[in-house]
Amino acid sequence: MAALVSGVLASGAMAQSNTGKASFSTGSDFSHAYFFRGIKQERSGIVAQPYMDMTFNLFEGTEGLNSIAFTIGQWNSLHTGPSGNDGPAANVGAWYESDFYTGFAFGVDNWDFGLTYTAYVSPNDSFGTIKELSLGLIMDDSQLLGAFAVAPHVLLAIELDGQADLGASEGAYLELGVEPGFEAVEGVVTLGFPVNVGLSLNNYYEDGANFNDTFGFFDVGAVATVPLRMPESYGSWEASG
């Protein structure tokens, strides 16, 4: 399977979740390449990206502010290519990236607003630690549009320490995207078509000549998701590619 990865989990090879006051989610992506917001990380070998997180539902309502949740999690990227096994730290060679993230999500009507702190760490010393604060907004328009939803989103990320582009200054990043999707076969296959554009608001894409390239990347993809039948006590599982 090949996945387009731009800082969010675009496809999950396997995922499990349980609902309630506290829920646990885990899964992994597999790909032949890894780009973070348009910045190349690896294009050789096998890339495996396991993750796990825990979410606590702090509040549930019916109108206006209908939910508040707190999440803490960890995401990884393991590489067999030059950035992995041949990395500077031979004792953890394949472990290219390990991210810690935590934050709050607020549900207001059919909008979800998120405030997240992330620390991007490279166990094999391929890059320096990057600390970031991000604000995300996504619309759940399935109730408005019915079977075919668009799910527009906006993401603003501000680097507090370190630079994703390995540049000279911390930057600010803006992402705009939509993911039109529909249930192609009821209860069997869901299709989504994510479209994203990444922009620099200030010093996010530094190239040594122009220290504030505004345009970062554009990507478009297709994702097919299939639910996996598991006993209810084992949560909800799905595979996608």
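Note that the coordinates shown come from a computational prediction; the quantities given were computed from them, not determined experimentally.

**Student:** Account for the environment of glutamate 238, naming residues and giving values.
**Tutor:** Here glutamate 238 is to be found in strand E17 (residues 236-240). According to the relative accessible area criterion, glutamate 238 is partly exposed, its value standing at 38%. Taking C-alpha positions, glutamate 238 is 9.5 Å from glycine 27, a pair spaced 211 residues apart along the chain.

**Student:** Outline the side chain of arginine 37, listing residues and values.
**Tutor:** Note on placement: arginine 37 falls in the loop between strand E3 (34-36) and strand E4 (39-42). Within the structure, arginine 37 has its side chain in polar contact with the side chain of tyrosine 204 (distance 2.9 Å).

**Student:** Residues and numbers for the confidence of the model for the protein chain, please.
**Tutor:** When pLDDT is averaged along the protein chain, the result is 88; 87% of the residues meet or exceed 70. Low pLDDT (under 50) marks residues 1-18, which in the prediction has 69 contacts with non-local residues, meaning those over four places away or in another chain.

**Student:** Give me the pattern of salt bridges: which residues, what numbers.
**Tutor:** Evaluated as defined, the whole model comprises one salt bridge. The partner of arginine 37 in a salt bridge is glutamate 132, and the shortest N-O contact between them spans 2.7 Å. Of this pair, arginine 37 sits in the loop between E3 and E4 while glutamate 132 sits in strand E9 (residues 130-139); the two residues are 95 residues apart in sequence, bridging distant segments of the chain. No difference in accessibility class separates arginine 37 from glutamate 132, as the two residues are buried.

**Student:** Describe the packing of aromatic side chains, naming the residues involved and giving the relevant values.
**Tutor:** Aromatic ring pairs are reported here in terms of the distance separating the ring centres and the angle at which the planes meet. Considering all chains together, one arrives at nine aromatic pairs under this definition. On the basis of an interplanar angle of 25 degrees and a centroid distance of 6.4 Å, the ring pair of phenylalanine 104 and phenylalanine 106 is categorised as stacked. What makes phenylalanine 106 partly exposed here is its relative accessible area of 26%. With centroids separated by 5.2 Å and ring planes inclined at 80 degrees, the aromatic side chains of tyrosine 204 and tyrosine 205 adopt a geometry described as edge-to-face.

Calculation criteria
- Residues numbered from 1 in each chain as written.
- Predicted model: local features only at pLDDT ≥ 70, side-chain atom pairs only at ≥ 80, totals over all residues.
- Heavy atoms only, no water.
- Helix = DSSP H or I, 4+ residues; strand = E, 2+ residues; numbered from the N terminus.
- Buried < 20%, exposed > 50% of the residue type's maximum accessible area, 1.4 Å probe, protein only.
- Polar contact = N/O pair within 3.5 Å; in protein donor to acceptor, adjacent residues only side chain to side chain.
- pLDDT = per-residue confidence, 0-100.
- Contact = heavy atoms within 4.5 Å.
- Salt bridge = Lys/Arg side-chain N within 4 Å of Asp/Glu carboxyl O.
- Phe/Tyr/Trp six-rings, centres within 6.5 Å; stacked < 30°, edge-to-face > 60°.

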